[in-house]
Amino acid sequence: MNDAWNALRANRAARVAALFLLALALASLFAPLLPLPSPAALALRDRPLAPAWPWEHFGAHGFTPEYWKLSWIDSQLVALRERIFGDWQTGPWLGTDAKGRDLLARIVWGSRTSFEVALLASLTSLVIGVSWGAVAGYAGGRVDNAMMRFVDLCFSLPFVFLVIFLIGVVNEYRAELERDFGIDRETVFYVLLGAFTWLTMARVVRGQVLSLKKREFVEAARVLGASRPRILFAHLLPNVLPVVLVYLTLTVPAVMLYEAFLSFLGLGIEPPKVSWGLLAVEGAEALTPLSFDWWLVLWPSLAIAATLLALNVLGDALRDALDPRLPELRR
Amino acid sequence: MKRFLLRRLLWFALTLFAVVTLAFGLMRGVRGGPFDGERPLPAAIERNLRASYHLDWPLWKQYCEYVGPLELGEHGARALGGDGTQVFGGVLSGDFGPSFRYRDFSVNDILAQSLPISLALGTLALVFALCVGIPAGLASALLRGRSLDVVLRLATSLGIALPNFVIASALLFVFALVWPVFPVAGYGSWRHLVLPAFALGAPFAAYAARLVRTGALEVLAQDYVRTARAKGLPESRVLLRHVLPGALLPVLSWLGPAAAGVLTGSLVIERIFAIPGTGSHFVNSALNRDYTLAMGVTILYTALVYGFNLLVDLSYGWIDPRMRAGGEE
C-alpha cells in the first residue's frame with residue numbers, strides 16, 4: 001500500500017489531477033462563502049455579457065442574496081460572506097447567460113449539484129455492487145451462479161429506458177415524496193442512477209473475492225474460528241478495496257455524463273437549480289445563427305471535460321500504482 | 001455450440017419476459033393515464049375511451065392480453081363504432097397494439113416507419129466509430145510517446161469526456177452555420193445523416209481508439225510479434241496478421257455495450273437534429289404515458305441489444321480460436 005502511495009505521488013499528471021480535483025471540491029463545498037454573484041437572480045434587461053478579463057472588470061457592488069432553498073449551513077455561509085465581503089461581487093469573468101446570470105457563479109454552484117449526483121450515485125453503486133459481488137464470490141456454487149446470472153440479465157436490459165420510465169414515476173409522486181418522506185426528487189434521481197451502475201462493480205468484486213478466498217490468510221482466519229461475515233467483511237473486503245477504488249474513478253465520470261444526458265432530455269435537474277449538465281444544455285441551445293454566445297457552451301464543457309479528464313488520469317495512475325498487471329477494466 | 005445457442009435463447013426469453021413485466025407494471029402502476037390533457041375529458045367520453053382500449057379490465061387481464069394472443073372474452077366497444085376486433089394482437093404474435101396518443105396509428109406502424117431511420121443512423125455511427133477509432137488507436141500505439149500519440153490521446157480523452165450534445169452543437173455550428181456544407185436538421189437524404197452520425201459516433205470512436213491502443217501495446221510486447229519480425233516478415237504483414245487481431249479483441253467484446261450506448265445516445269442526437277427516429281418517439285411516449293408505444297420501443301431495443309450481444313459472442317470463436325463459444329463457464 002505504501003509502495004502504491006509513493007508510485008502515485010511520483011506520477012506528475014496524477015498529482016496535477018488530484019490537486020485540480022481538490023481545488024474544485026473545496027470551491028464547490030465553500031461556494032456560498034465565495035464573493036460570486038447570485039447564480040439564480042435574474043437581470044432580464046441585460047443582453048448576455050461577453051467574458052471580461054478580471055483586470056478590466058474586477059468586481060462591483062450590488063450583490064443580491066437570491067438563491068433557491070438553501071440548507072441551514074449554506075445560509076449561514078452566505079451570511080458570513082456578507083459580513084466579509086459586504087455587497088461586493090466579482091465581475092463577469094466568464095460572461096453571463098441570456099438571463100443575466102453570472103456564468104462563473106453558475107458553474108461553481110452547478111458543480112455542487114454535479115458532484116452531489118456523482119457522489120451519491122457512486123456511493124449507491126458501491127454499496128450494492130460490492131455487497132452483491134462479495135456475497136456471490138464468497139458463497140460460490142449455486143448462489144454465485146444465480147446471483148451472477150441475475151447480473152447478466154440486468155446487463156441486457158436497456159437500462160436508460162427503465163431509468164426514464166422510473167423518473168416519470170418519481171415525477172408523478174414528487175409532492176408525496178417530499179411531504180411524507182422528506183426526500184426530494186433529486187435524491188431519488190441520484191440513487192436511481194447509482195442503482196443502475198452497480199453491475200460492473202459486482203462483477204469486478206466477485207472476481208477478486210473468488211481469487212482471494214483461496215489464499216492462506218482466509219484459511220487461517222477460518223481455522224481460528226472467524227465467522228463467515230467476519231471473514232467477508234474484515235478479511236476479504238479490505239483487500240478488494242484498491243480495485244473498487246480504481247473502478248470508482250470510472251463510475252463517477254459515467255454518472256456525470258448520465259446526469260448531463262438526462263438533463264438534456266429535461267428529466268434531470270430542474271431550474272432554478274443548476275448542474276453542469278444543465279449548463280451545457282443551455283449553452284448548446286444558445287449556439288444559433290443569430291447569436292454567437294460561445295462562452296455559454298465553452299466554459300461548462302470545459303469544466304465537464306477537465307473534471308472527467310482529471311478523474312480518468314487519476315484512475316489510470318491509481319491502477320498503475322496498485323497493480324501494473326491489472327487488466328483494463330471494462331465499462 | 002447448439003447448447004450454447006439454446007441456452008442463450010432461453011435467457012433471451014427470460015430477459016424479454018422481465019422487461020415486459022417490469023415496463024407493464026411501471027406504466028400501469030403510476031397514476032395518470034394516456035388520455036390526460038390540458039382539459040379533462042368529460043367522464044362519459046373518458047369511460048368509453050378506456051373501455052375501448054380495455055383499460056377498465058383488471059390488470060392481470062390487461063397483461064395477459066398484452067403478452068399473448070389469448071381469447072379473453074368480449075373485444076372492442078361496438079357502441080363506439082369499433083369493429084369489435086381485439087385491441088392487442090399480443091406481443092408474442094408480434095403485434096404491439098395501437099398507440100394511445102397517435103390515433104389511427106398502431107405501434108407497429110410507428111416502429112416500421114421510424115426504426116429503419118434509427119438503425120441507419122446507429123449503424124453509420126458505429127461504422128464511423130470503428131473506421132476512425134481503430135486506425136487512430138493503432139497509430140497511437142505504434143508512435144507511442146510521439147507528438148501524434150499525444151494529440152490523439154488528448155482527442156480521445158475529450159471525446160470520452162464531452163457529452164454528445166455538446167459535440168453535436170459544435171459540429172452544427174461549424175458545418176451547418178459557419179460553413180454550410182450539411183443541412184442543419186431534418187431527414188431526407190444521406191447528407192442529413194452525416195453530422196448526426198459523426199456526433200453520435202464520436203465518443204465511441206474515442207473509446208475504440210483507447211481500447212485498440214491498450215490492446216496493441218500489449219500485443220506488441222508479446223514474444224510472437226518479435227518472432228514474426230525476427231523471421232523477416234514485412235512490417236505491414238506483422239501488423240495486419242499478428243498485431244491487429246489481438247488488438248481488436250477488447251474492441252469486439254466492447255461492441256455489445258457500445259451498441260446499447262449508441263441506441264441511448266440516439267435519444268439525444270435525434271432530438272437535436274430533428275430526425276424522426278425511434279429514439280425521439282420513446283422519450284415523448286414515456287412522458288405522455290403512451291403505454292403501448294413506450295413499451296414497444298423498450299421491448300424492441302432489448303431485443304436489438306440482446307441480439308447484437310449474441311452475435312458478438314458468436315464472433316469470438318471466429319476471431320480467436322482459443323475461445324470457443326461453448327466454453328463460457
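This text follows the structure it describes.
Treat the numbers as computed from the prediction; the structure is a model and nothing was measured.

1. Concerning the overall build of chain A
Then, number 1: On a plain count of helices and strands, chain A comes out with 13 helices and two strands.
Then, number 2: Evaluated residue by residue, chain A yields a buried proportion of 51% over its 331 residues.
Then, number 3: Across chain A, contacts joining residues at least 24 apart in sequence account for 80% of those joining residues at least 6 apart.
Then, number 4: Only carbon and sulfur atoms are counted for the fraction: they give 65% of the accessible area of chain A, which is about 16100 Å².
Then, number 5: The distance from the centre of the 30 positive side-chain charges to the centre of the 29 negative ones in chain A is 9 Å.

2. A look at the overall build of chain B
Then, number 1: For chain B, the count of helices and strands is 11 helices and zero strands.
Then, number 2: Beginning at the N terminus, the succession of helices and strands in chain B can be written as α-α-α-α-α-α-α-α-α-α-α.
Then, number 3: At a minimum sequence separation of 6, the contacts of chain B that also span at least 24 residues come to 68%.
Then, number 4: Split by element, the accessible area of chain B, about 16200 Å² in all, is 64% carbon and sulfur.

3. As for helix α1 (residues 2-29) of chain B
Then, number 1: Between the first and last C-alpha of α1 of chain B there are 40 Å, a value that for 28 residues agrees with the 40 Å anticipated at 1.5 Å per step.
Then, number 2: Residues of α1 of chain B that are buried include every one of Phe4, Arg8, Thr15, Leu16, Val19, Val20, Ala23, Phe24, Met27 and Arg28 of chain B, and no others.

4. Focus: the interface of chain A and chain B
Then, number 1: Taken together, the contacts link 40 residues of chain A with 47 residues of chain B.
Then, number 2: Sorting the residues of chain A by area buried against chain B places Phe161, Phe165 and Phe264 of chain A first, and these three jointly supply 18% of that buried surface.
Then, number 3: Inspection of the chain A/chain B interface yields zero salt bridges.
Then, number 4: For the interface between chain A and chain B, the tally reads zero residue pairs in polar contact (both at pLDDT 80 or more).
Then, number 5: For the side of chain A that touches chain B, the elements supplying multiple residues, two or more each, are α5 (141-155), α6 (159-172), α11 (228-264), α12 (276-286) and α13 (294-322) of chain A.
Then, number 6: No other element matches α6 of chain A, which puts nine residues into the side of chain A that touches chain B.
Then, number 7: Residues that form the side of chain A that touches chain B fall into these classes: 28 nonpolar, six polar and six charged.

5. Comments concerning the environment of Gly268 of chain A
Residues and elements named next belong to chain A.
Then, number 1: Looking at the secondary structure, you find Gly268 in the loop between α11 and α12.
Then, number 2: We classify Gly268 as buried; its relative accessible area is 1%.
Then, number 3: Considered as a pair, Gly268 and Ile167 are 101 residues apart in the sequence and their alpha carbons are 8.6 Å apart.
Then, number 4: With near-sequence residues (within four places) excluded, Gly268 lies in contact with Arg185, Phe189, Leu262 and Ser263.

6. Some words on the packing of helix α4 (residues 107-142) of chain B against helix α7 (residues 191-220) of chain B
Residue and element names in this part refer to chain B.
Then, number 1: α7 packs onto α4 with a crossing angle of 35° between their chain directions and a minimal axis gap of 5 Å. Where α4 crosses over α7, the two elements pack in a sense that is right-handed.
Then, number 2: A class-by-class count of the residues in the contact of α4 with α7 yields 26 nonpolar, five polar and one charged.

7. Regarding unusual backbone geometry
All names here are of chain B.
Then, number 1: Phi at Ala274 takes a positive value of approximately 50°, unusual for a residue other than glycine.
Then, number 2: Its location among the elements puts Ala274 in the loop between α9 (235-272) and α10 (278-288).
Then, number 3: For Ala274, a relative accessible area of 45% translates into the label partly exposed.

8. Let's talk about the side chain of Ser114 of chain A
All names here are of chain A.
Then, number 1: Its place among the elements puts Ser114 in helix α4 (residues 103-139).
Then, number 2: Residue Ser114 is classed as buried on the basis of its relative accessible area, which comes to 2%.
Then, number 3: In contact with Ser114, not counting residues within four places along its chain, are Met256, Glu259, Ser275, Trp276 and Gly277.

9. Comments concerning the packing of α4 of chain A against helix α8 (residues 185-195) of chain A
All names here are of chain A.
Then, number 1: It is at 7 Å that the axes of α4 and α8 come closest, and there the two elements cross at 45°. One element, α4, and the other, α8, form an angle in the oblique class. By crossing handedness, the relation of α4 to α8 is classed as right-handed. For the pair α4 and α8, the contacting residues are Thr113, Glu116, Val117, Leu120, Ala121, Thr124, Ser125 and Ile128 in the first and Thr187, Tyr190, Val191, Leu193, Gly194 and Ala195 in the second.
Then, number 2: Partitioned by chemical class, the residues of the contact of α4 with α8 number eight nonpolar, five polar and one charged.

10. Some thoughts on the nonpolar core
Within soluble globular proteins, side chains that are nonpolar generally end up buried alongside one another.
Then, number 1: Among the nonpolar cores identified, the biggest contains 159 residues, and Ile164, Leu262, Leu265 and Trp276 of chain A together with Phe165, Leu267 and Phe282 of chain B are the most heavily contacted of them.
Then, number 2: The greatest single-element share of this core, amounting to 17 residues, is contributed by α9 of chain B.
Then, number 3: For this core, the domains that each give at least three residues are domain 1 (42-94) and domain 2 (120-288) of chain B.
Then, number 4: Here Leu265 of chain A is in contact with Ile164 of chain A together with Leu267, Val268, Arg271 and Val283 of chain B, once residues within four sequence places are set aside.
Then, number 5: Counting 18 residues, the second-largest nonpolar core is a separate cluster that includes Val205, Val209, Leu212 and Leu232 of chain A.

11. Topic: the pattern of salt bridges
All names here are of chain A.
Then, number 1: Within the structure shown, the criterion is met by nine salt bridges over all chains.
Then, number 2: The salt bridge partner of Glu219 is Arg222, with a shortest N-O separation of 4.0 Å. Here Arg222 and Glu219 lie together in helix α10 (residues 216-223), a separation of three residues that amounts to about one turn.
Then, number 3: Judged by relative accessible area, Glu219 falls into the partly exposed class, the value being 41%.
Then, number 4: Salt bridges sharing common partners tie together Asp97, Arg101, Arg106 and Glu282.

Definitions and cut-offs
- Residues numbered from 1 in each chain as written.
- Chains lettered and ligands numbered in written order.
- Predicted model: local features only at pLDDT ≥ 70, side-chain atom pairs only at ≥ 80, totals over all residues.
- Heavy atoms only, no water.
- Helix = DSSP H or I, 4+ residues; strand = E, 2+ residues; numbered from the N terminus.
- Buried < 20%, exposed > 50% of the residue type's maximum accessible area, 1.4 Å probe, protein only.
- Contact = heavy atoms within 4.5 Å.
- Areas by Shrake-Rupley, 256 points an atom, 1.4 Å probe, with all protein chains shown as cover.
- Lys, Arg positive; Asp, Glu negative; His and termini not counted.
- Charge placed at Lys NZ, Arg CZ, Asp CG, Glu CD.
- Expected span 1.5 Å × (residues − 1).
- Buried area = accessible area lost by both parts, 1.4 Å probe.
- Salt bridge = Lys/Arg side-chain N within 4 Å of Asp/Glu carboxyl O.
- Polar contact = N/O pair within 3.5 Å; in protein donor to acceptor, adjacent residues only side chain to side chain.
- Nonpolar A, V, L, I, M, F, W, Y, C, P; charged D, E, K, R; others polar.
- Axes fitted to C-alpha atoms, helices over the stretch in contact; angles between N-to-C directions.
- Left-handed = near helix turned anticlockwise from the far one by under 90°.
- Parallel < 35°, antiparallel > 145°, perpendicular 65-115°, else oblique.
- Core = buried A, V, L, I, M, F, W, Y, C linked by side-chain atoms within 4.5 Å.
- Domains from an automatic or database assignment.

The values reported here are purely geometric and, on their own, carry no functional implication.
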